[in-house]
Amino acid sequence: MLLLFVCLILGMLVARFARPPAGLVQGINWWVLNVALPALVLELIPKVKFDPQLWFPVAAMWLTFGGAWLLFGLLGPRLGWSRQRTGALVLVCGLGNTAYMGYPLIEALHGKAGLALAVVADQIGAFPVLASAGIVVASIYSGRTPQPRLIVRRILTFPAFIALVAGIIVGLAGGWPDLANGVFAPIGATLTPLALFSVGLQFKFHPGQRQLGAAGWGLGWKLLLAPLLCWVLGVATGVGGLVLTVGVLQAAMAPMVSAAILADEYGLEPTLANTVLGAGIVLSLISIPLGNLLLGP
């Protein structure tokens, strides 16, 4: 946990005082998404023992997004929100930061076993939601037409998704030799410090008076109601142990950085999206460890 705080704060300090070179964030994110994340997936997925309960972390990601769409789709017209505001909240509060923050936090709390489950929730759950339903929501609320062919191509060509498929095949074949793990592990280990450093570099929190109500609704869903509903679903269907804990915690993660970027690209009230993102990051550093304590061993 100390590593997470240090990397996050270091990124914030560098952004504020050190005048980092232009393109630093984009370069770090490229490494994290295209090299470190696939290496981590290749290391961990072959070690995952697939059992019937693994549907839950994936379903929790879809429940979080679908619930946000339903909730804010109903609330928006009643509270006088614009379509752009409603779409922004669906995106940033329906999608969690299950990689950049989820991996480091879950690993700090539950070690490699928890991290492997976090990868399942992120790569089979959160990422396909972002690349499919997320694009659909962004298109609808910005007045554009979704393009299914581009959505499918985005999923199939994403490096970590390719690594996921390869990892499953290798796992079924008996796993990697030790020599390969000796390469994947240290490369994948760069994800935690660099991801949190990148989040710190991008941290913004400039709430306006008119944003506070919407931000409160959004964070109330993302950090409290969504994980509570996921916990109810898991308990009601007999899911337990580490699978339940990791699924609920991943549902409770701060809003996804990529979702805020997507909101910006589609003109869905970027200032609100960044406010919710920044506040969610800070609050989740408290709410995730607290939620972990409440869930128990």
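Fair warning: this is a prediction, and the values are worked out from it, not measured in the lab.

Student: Would you mind showing me how to read the overall build of the protein here?
Tutor: A tally of helices and strands in the protein yields 13 helices and zero strands. Helices (α) and strands (β) of the protein occur, in sequence order from the N terminus, as α-α-α-α-α-α-α-α-α-α-α-α-α. Against the 2.2 N^0.38 benchmark of 19 Å for 297 residues, the protein shows a C-alpha radius of gyration of 18 Å, consistent with a compact globule. Expressed along its principal axes, the backbone C-alpha trace of the protein runs to roughly 55 × 50 × 45 Å. Put simply, of all contacts in the protein between residues at least 6 apart along the chain, 86% involve residues at least 24 apart. For the protein, the accessible area works out to roughly 13300 Å², and carbon and sulfur atoms hold 70% of it. Mean positive and mean negative side-chain charge positions of the protein (15 and 8 charges, respectively) differ by 12 Å.

Student: I keep staring at the side chain of Gln250 and nothing clicks. Help me out?
Tutor: Take Gln250: it is sitting in helix H11 (residues 241-251). Looking at Gln250, the relative accessible area reads 0%, which means it is buried. Among the polar contacts listed, one links the side chain of Gln250 to the backbone oxygen of Ala118, at a separation of 3.2 Å. Other than its neighbours up to four places away in sequence, Gln250 contacts Met61, Thr98, Gly102, Ile106, Ala118, Ala121, Asp122 and Lys222.

Student: Quick question: what am I supposed to make of the packing of helix H5 (residues 102-142) against helix H6 (residues 148-156) here?
Tutor: Running from amino to carboxyl end, H5 crosses H6 at an angle of 165°, the nearest separation of the two axes being 10 Å. Taken together, the axis directions place H5 and H6 in an arrangement best described as roughly antiparallel. In this structure, H5 crosses over H6, and the sense of that crossing is right-handed. Here H5 contributes Phe127, Pro128, Ala131, Ser132, Ile135 and Val136 to the contact with H6, which in turn contributes Ile151, Arg154 and Ile155. Here the contact of H5 with H6 is composed, by residue class, of seven nonpolar, one polar and one charged.

Student: Would you mind going over the nonpolar core with me for this structure?
Tutor: One recurring pattern in soluble globular proteins: nonpolar side chains tend to sit buried together. By size, the foremost hydrophobic cluster in this structure holds 101 residues, and its most contacted members are Phe72, Leu91 and Tyr103. With 19 residues, the top contributor of residues to this core is H5.

Student: Honestly, the packing of H11 against helix H13 (residues 270-295) in this entry has me stumped. Any pointers?
Tutor: For any two helices packed against each other, one specifies the inter-axial angle together with the distance between the axes. Where H11 contacts H13, the two axes come as close as 10 Å, and the packing angle between them is 150°. Between H11 and H13, the angle is such that the two are roughly antiparallel. Judged by the twist between their axes, the crossing of H11 over H13 is right-handed. Of the residues in H13, those touching H11 at Thr245, Val248 and Leu249 are Ile288, Gly291, Asn292 and Leu295.

Student: I tried to follow the UniProt feature "transmembrane region" (unreviewed entry) in the protein on my own but got confused; where do I start?
Tutor: Here the UniProt feature "transmembrane region" (unreviewed entry) sits at residues 54-75, 87-106, 126-143, 155-177, 183-203, 224-252 and 272-295. Between the end C-alpha atoms of residues 54-75 the distance is 32 Å, and the span holds 95% helix and 0% strand.

Student: What's the story with the pattern of salt bridges in this structure? I'm lost.
Tutor: Close approach of charged atoms allows side chains with opposite charge to pair. Taken as a whole and assessed by the stated rule, the structure comprises four salt bridges. Note that Glu43 and Lys47 form a salt bridge whose closest N and O atoms lie 3.9 Å from each other.

Student: Would you explain the packing of aromatic side chains in this entry?
Tutor: The geometry of an aromatic ring pair is captured by two quantities: the separation of the ring centres and the angle between the planes. What the rule picks out here adds up to four aromatic pairs. The interplanar angle of 65° and the centroid separation of 5.0 Å between the aromatic rings of Trp176 and Phe184 together place this pair among those described as edge-to-face.

Student: It is not clear to me how H5 should be interpreted in this structure. Could you clarify?
Tutor: For the α-helix, the turn length of 3.6 residues means that residues three or four positions removed from each other point alike. Under the 1.5 Å per step criterion, the end-to-end length of H5 is only 29 Å for 41 residues, more than 12% shorter than the ideal 60 Å. Of all the 41 residues making up H5, 30 are buried; the element is thus mostly covered by neighbouring parts of the structure. Gly143 sits one or two residues past H5 and shows a positive phi near 85°.

Student: Looking at this structure, how should I read the side chain of Ser198?
Tutor: By the element assignment, Ser198 lies in helix H9 (residues 191-202). For Ser198, the contacting residues outside a window of four places in its chain are Val25, Ile28, Asn29 and Tyr100.

Student: It is not clear to me how unusual backbone geometry should be interpreted in this structure. Could you clarify?
Tutor: Leave glycine aside and you will find that most residues have negative phi; peptide bonds, for their part, are mostly trans. Here Arg19, not a glycine, exhibits a phi torsion of approximately 55°, which is positive. Within the secondary structure, Arg19 sits in the loop between helix H1 (2-18) and helix H2 (24-44). Positive phi is not limited to glycine here, since Glu269 has a value of about 40°. Tracing the sequence through the fold places Glu269 in the loop between helix H12 (257-265) and H13. On the basis of relative accessibility, which here comes to 18%, the residue Glu269 falls in the buried class.

Student: What is the right way to read a nonpolar patch on the surface from this model?
Tutor: On the surface, Leu224, Leu225, Leu228, Trp231, Val232 and Val235 cluster together to form a nonpolar patch covering roughly 530 Å² of accessible area. Turning to its location among the elements, Val235 is positioned in helix H10 (residues 212-236).

Conventions we followed
- Residues numbered from 1 in each chain as written.
- Predicted model: local features only at pLDDT ≥ 70, side-chain atom pairs only at ≥ 80, totals over all residues.
- Heavy atoms only, no water.
- Helix = DSSP H or I, 4+ residues; strand = E, 2+ residues; numbered from the N terminus.
- Rg over C-alpha atoms; globule rule 2.2 N^0.38 Å.
- Contact = heavy atoms within 4.5 Å.
- Areas by Shrake-Rupley, 256 points an atom, 1.4 Å probe, with all protein chains shown as cover.
- Lys, Arg positive; Asp, Glu negative; His and termini not counted.
- Charge placed at Lys NZ, Arg CZ, Asp CG, Glu CD.
- Buried < 20%, exposed > 50% of the residue type's maximum accessible area, 1.4 Å probe, protein only.
- Polar contact = N/O pair within 3.5 Å; in protein donor to acceptor, adjacent residues only side chain to side chain.
- Axes fitted to C-alpha atoms, helices over the stretch in contact; angles between N-to-C directions.
- Parallel < 35°, antiparallel > 145°, perpendicular 65-115°, else oblique.
- Left-handed = near helix turned anticlockwise from the far one by under 90°.
- Nonpolar A, V, L, I, M, F, W, Y, C, P; charged D, E, K, R; others polar.
- Core = buried A, V, L, I, M, F, W, Y, C linked by side-chain atoms within 4.5 Å.
- UniProt positions renumbered as here; feature names shortened; annotations may be inferred.
- Salt bridge = Lys/Arg side-chain N within 4 Å of Asp/Glu carboxyl O.
- Phe/Tyr/Trp six-rings, centres within 6.5 Å; stacked < 30°, edge-to-face > 60°.
- Expected span 1.5 Å × (residues − 1).
- Patch = residues over 30% accessible without salt bridge, like charges linked within 9 Å, V, L, I, M, F, W, Y side chains within 5 Å.

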